[in-house]
Amino acid sequence: NAGVMQNPRHLVRRRGQEARLRCSPMKGHSHVYWYRQLPEEGLKFMVYLQKENIIDESGMPKERFSAEFPKEGPSILRIQQVVRGDSAAYFCASSANMDSYEQYFGPGTRLTVT
Amino acid sequence: AQTVTQSQPEMSVQEAETVTLSCTYDTSESDYYLFWYKQPPSRQMILVIRQEAYKQQNATENRFSVNFQKAAKSFSLKISDSQLGDAAMYFCAYRSARDAGKSTFGDGTTLTVKP
């Protein structure tokens, strides 16, 4: 039973490029959450999605960041025109439904902007 | 807004001894969940233990137990018989039962285990 999968595990982008991070939730899970972890800090919530719907994007920066979770395929976190401050670990978590108290985390994607 | 505070950036413990990591939180809600996660150098987030706020009994998972003080909004983690493999960053997290979605994390405590 595969857990939450994220790819790539490591991503290097130059300033101004686009970064696309992918997350495949656990089998049977239709709720996905994205978190960002800056160095020496805890995880900070970014966005909560269900299939084809954004439920809560209160943690998303207003510009350059977007997320989607299509009917088919993985959830995508997209960062346009990356800057050095975007360098961080990005974690995806999934749950079976809104009432599930537990979120299962993926291994994270470490984004480095040079 | 909910906040989670871990006041100990670093802790150390001798192998086989006991250590307690502190966590306090702030919320106006009465129904919520609390978690402790372990993050080893691999950076994978591993759930250590969880506590439902409506349960008075403290959760226990093998060598890991919590001291949940709802009135004081305190949720400490006790690790007994510490092992070298327990060395990691530990995060306390809060999740509302009403607004089931995002979790709020503390900034973490780095635990070192000395042989």
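Below you will find a few notes about this structure. (Residues numbered from 1 in each chain as written. Chains lettered and ligands numbered in written order. Predicted model: local features only at pLDDT ≥ 70, side-chain atom pairs only at ≥ 80, totals over all residues. Heavy atoms only, no water.)

1. Points about the interface of chain A and chain B
Our working definition: Whether two residues are in contact is decided by their heavy atoms: any pair within 4.5 Å suffices. As a working definition, buried area equals the accessible area (1.4 Å probe) given up by two parts on being put together, with both sides summed. We define a salt bridge as a contact between a side-chain nitrogen of Lys or Arg and a carboxyl oxygen of Asp or Glu at a distance within 4 Å. Polar contacts, as used here, are pairs of N or O atoms within 3.5 Å; protein pairs need one atom able to donate a hydrogen and one able to accept it. Residues neighboring in sequence count only if both atoms are side-chain atoms. Here a helix means four or more residues in a row that DSSP labels H or I, a strand means two or more in a row labelled E, and each is numbered from the N terminus. Three classes are used, and their members are as follows: Ala, Val, Leu, Ile, Met, Phe, Trp, Tyr, Cys and Pro are nonpolar, Asp, Glu, Lys and Arg are charged, and the others, Gly among them, are polar.
Between chain A and chain B, the contact holds 25 residues from the first and 20 residues from the second. Where chain A abuts chain B, roughly 1900 Å² becomes buried across the two surfaces, and 48% of that area is made up of carbon and sulfur atoms. Taken as a group, L43(A), Y101(A) and F105(A) account for 31% of the area that chain A buries against chain B, more than any other trio of residues on that side. Joining chain A to chain B, the criterion identifies one salt bridge. Two residues, D107(B) and K44(A), come together in a salt bridge whose shortest N-O distance is 3.4 Å. Linking chain A with chain B are nine residue pairs in polar contact (both at pLDDT 80 or more), by the criterion used here. Of all the secondary-structure elements, those providing two or more residues to the side of chain A that touches chain B are β4 (31-37), β5 (43-50) and β9 (88-95) of chain A. Looking at the side of chain A that touches chain B, the element that brings in the most residues is β5(A), giving four residues. For the side of chain A that touches chain B, the residue count by class is eleven nonpolar, seven polar and seven charged.

2. A look at the state of the cysteines
All names here are of chain A. Our working rule: Sulfur atoms of two cysteines make up a disulfide when they are within 2.5 Å. To sort residues, take the accessible area from a 1.4 Å probe on protein chains only and compare it with the maximum for the residue type: under 20% means buried, over 50% means exposed, and anything in between is partly exposed.
Scanning the entire structure with this criterion turns up two disulfides over all chains. With a sulfur-sulfur separation of 1.7 Å, C23 is cross-linked through a disulfide to C92. Because the torsion about its S-S bond is -50°, the bridge between C23 and C92 counts as left-handed. Highlighted residues: C23 in strand β3 (residues 19-24) and C92 in strand β9, separated in sequence by 69 residues. Judged by relative accessible area, C23 falls into the buried class, the value being 0%.

So, to be careful, I would describe these as geometric facts and stop short of saying anything about function.
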